[in-house]
Amino acid sequence: SISKKVSAKTVLNPRSSPIFIELDLAIPNEASNDQYILYHNSNSGVGYAAFTRATTSNSKADLTFTIFSGSTTASVTAEVEKGSFAHVCLSYDNSIQEKRAKILSGSVVVATSDRVSFDSINTAGSPLLIGSGSALAISSFTPTQTFSGSINNFRVYHKTRSASEIDRYVKRTLFADSNSGNVL
């Protein structure tokens, strides 16, 4: 857990609250192998990950965001331009009206998964890895290299962010604040 809480209780648990990750992502204009952007997985096979698949394209990559627990997954894929920073948001909200994984480009939803409900997503005590990770059996994904690119302004929230919140803070420095739902 990346919580500063002394209890070590996980704060990145989509079962108890939404998870919303924002980052500026730059993937070089070159062919690439399977690689993780981020990976948070418990010892019991529960967690979430974002990764790109191998591609020979110098201009585009497929970004996948997946939430998994046992054999249940919510997975979504969207195309990302290579060669410059893109503001990307990864979201999962287990509330009754949502239960979907989403990828946003800035504040615009570009991909949405089918509705999937999880009984439990608990990654307590497991590290959140950025740029590396292990094989992910659920999606037949095995990274063959660490992330080759740049990540900037990595932010994790306890709540789903609105389009106006994303637009308002996309170019601002943020600090941990319990009032904003900001984790990092």
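For the structure, check the block above.
All figures in this text were calculated on a predicted structure; none of them were measured in a lab.

J.: Give a detailed account of the nonpolar core, specifying residues and quantitative values.
T.: In globular proteins that are soluble, nonpolar side chains generally tend to be buried together. Judged by nonpolar contacts, the single largest core of 31 residues is most densely connected at Ile21, Leu63, Phe65, Leu90 and Ile103. Where this core is concerned, the elements lending two or more residues are strand 1 (19–26), strand 2 (35–41), strand 3 (46–52), strand 4 (60–69), strand 5 (72–81), strand 6 (86–93), strand 7 (100–105) and strand 10 (150–157). The contacts of Ile21, once residues within four sequence positions are left out, are Leu38, Tyr48, Val88, Cys89, Leu90, Phe154, Arg155 and Val156. Counting residues in hydrophobic clusters, the runner-up holds seven residues, among them Tyr36, Tyr39, Phe51 and Phe68.

J.: Can you tell me about the pattern of salt bridges, naming the residues and giving the values?
T.: If you walk through the whole model with that rule in mind, you get five salt bridges. Arg161 is the salt-bridge partner of Glu22, the closest N and O atoms lying 3.0 Å from each other. One end of the pair, Glu22, is in strand 1; the other, Arg161, is in the loop between strand 10 and helix 1 (163–169), and 139 residues separate them in sequence. With a relative accessible area of 0%, Glu22 lands in the buried category. Residue Lys60 pairs with Glu79 through a salt bridge whose shortest N-O separation is 3.7 Å. A residue pair is termed long-range when its members are at least 10 positions apart, and Lys60 in strand 4 and Glu79 in strand 5 qualify at 19 residues. Relative accessible area serves as the criterion here: at 30%, Lys60 is assigned to the partly exposed category.

J.: Quick rundown of the environment of Phe20? Include the residues and the values.
T.: Take Phe20: it is sitting in strand 1. Phe20 sits in the buried class, given a relative accessible area of 1%. Residues Phe20 and Tyr92, spaced 72 residues apart in sequence, show a C-alpha to C-alpha distance of 6.6 Å. In contact with Phe20, other than residues within four places in its own chain, are Cys89, Leu90, Ser91, Leu104, Arg155, Val156, Tyr157, Lys159, Thr160, Arg161 and Ile166.

J.: Please provide a residue-by-residue account of the sheet that holds strand 8 (residues 108–112), values included.
T.: Pairing within the open sheet is antiparallel, and its five strands lie in the order 8-7-6-1-10. Lying at the two open borders of the sheet, with one neighbouring strand each, are strand 8 and strand 10. Ignoring which end each strand starts from, the neighbouring axes of this sheet average 20° apart. Bridging between strand 7 and strand 8 involves four bridges; their strand directions are antiparallel. Opposite Ser105, over in strand 8, you have Val108 as the bridge partner.

J.: Let's hear about unusual backbone geometry: which residues, and what values?
T.: Positive phi, normally seen in glycine, also occurs at Lys99, with a value near 55°. The phi dihedral of Asn153 falls on the positive side, at around 50°, and the residue is not glycine. Within the fold, Asn153 resides in strand 10.

Conventions and cut-offs
Residues numbered from 1 in each chain as written. Predicted model: local features only at pLDDT ≥ 70, side-chain atom pairs only at ≥ 80, totals over all residues. Heavy atoms only, no water. Core = buried A, V, L, I, M, F, W, Y, C linked by side-chain atoms within 4.5 Å. Buried < 20%, exposed > 50% of the residue type's maximum accessible area, 1.4 Å probe, protein only. Helix = DSSP H or I, 4+ residues; strand = E, 2+ residues; numbered from the N terminus. Contact = heavy atoms within 4.5 Å. Salt bridge = Lys/Arg side-chain N within 4 Å of Asp/Glu carboxyl O. Pairing = 2+ DSSP bridges. Axes fitted to C-alpha atoms, helices over the stretch in contact; angles between N-to-C directions.

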